[in-house]
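These are the residues of each chain, in order.
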Amino acid sequence: MTCIDAHAHLAVRPGATERLLLSMDKHHISRAFVVGGGLMDPRELAHRLHGAVPAPTEISFDNDALRAACRNHQRRLLPFYFANPWAGSVEYQEIGGEFYGLKLAPGPVKSF
């Protein structure tokens, strides 16, 4: 049986891709749709989303780096574009076709 993780996070940091692949192997996961991760502490994100006054934040994410991290593992790691719903769609229109899907971030995230 093939097991596919439909929502994995991959921080674009040294060793992160290898750790994700090892975890996938340990749990018999064949493939994973990956989106950028490690951008904000989950408690901070929850506070910003569910606090008295939702507070957006500017966090940068490098979609090109995510795509590059997945490039050597194309049969296993399937990158999703991490988009800022408030920042427009110009970049996504330009390179979105190189990703397997789109993830809208809950807070303003801009690519650099």
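Shown above is the structure to which this text applies.
Keep in mind the model is a prediction, meaning the values are calculated, not measured.

The rules behind each value
- Residues numbered from 1 in each chain as written.
- Predicted model: local features only at pLDDT ≥ 70, side-chain atom pairs only at ≥ 80, totals over all residues.
- Heavy atoms only, no water.
- Helix = DSSP H or I, 4+ residues; strand = E, 2+ residues; numbered from the N terminus.
- Buried < 20%, exposed > 50% of the residue type's maximum accessible area, 1.4 Å probe, protein only.
- Pairing = 2+ DSSP bridges.
- Right-handed = clockwise from strand over helix to strand, strands pointing away.

To continue, consider unusual backbone geometry. Here the phi dihedral of histidine 28 falls at roughly 60°; this positive angle occurs in a residue that is not glycine. The topology assignment puts histidine 28 in the loop between helix H1 (16-26) and strand S2 (31-36). The class for histidine 28 is exposed, based on a relative accessible area of 65%.

Attention now goes to the pairing of strand S1 (residues 4-10). Examined bridge by bridge, S1 and S2 share five bridges and lie parallel to one another. Across the sheet, leucine 10 pairs through a bridge with glycine 36, a residue of S2. As for the winding sense of the linkage, the β-α-β connection from S1 through H1 to S2 is right-handed.

The next thing to look at is the pairing of strand S4 (residues 77-83). With six of seven residues buried, S4 lies mostly within the body of the structure. Judged from the three bridges that link them, S2 and S4 form a sheet pairing that is parallel. Looking across to S4, one finds that alanine 32 is bridged to leucine 77. Where S4 and strand S5 (residues 101-104) come together, four bridges link them in parallel fashion.

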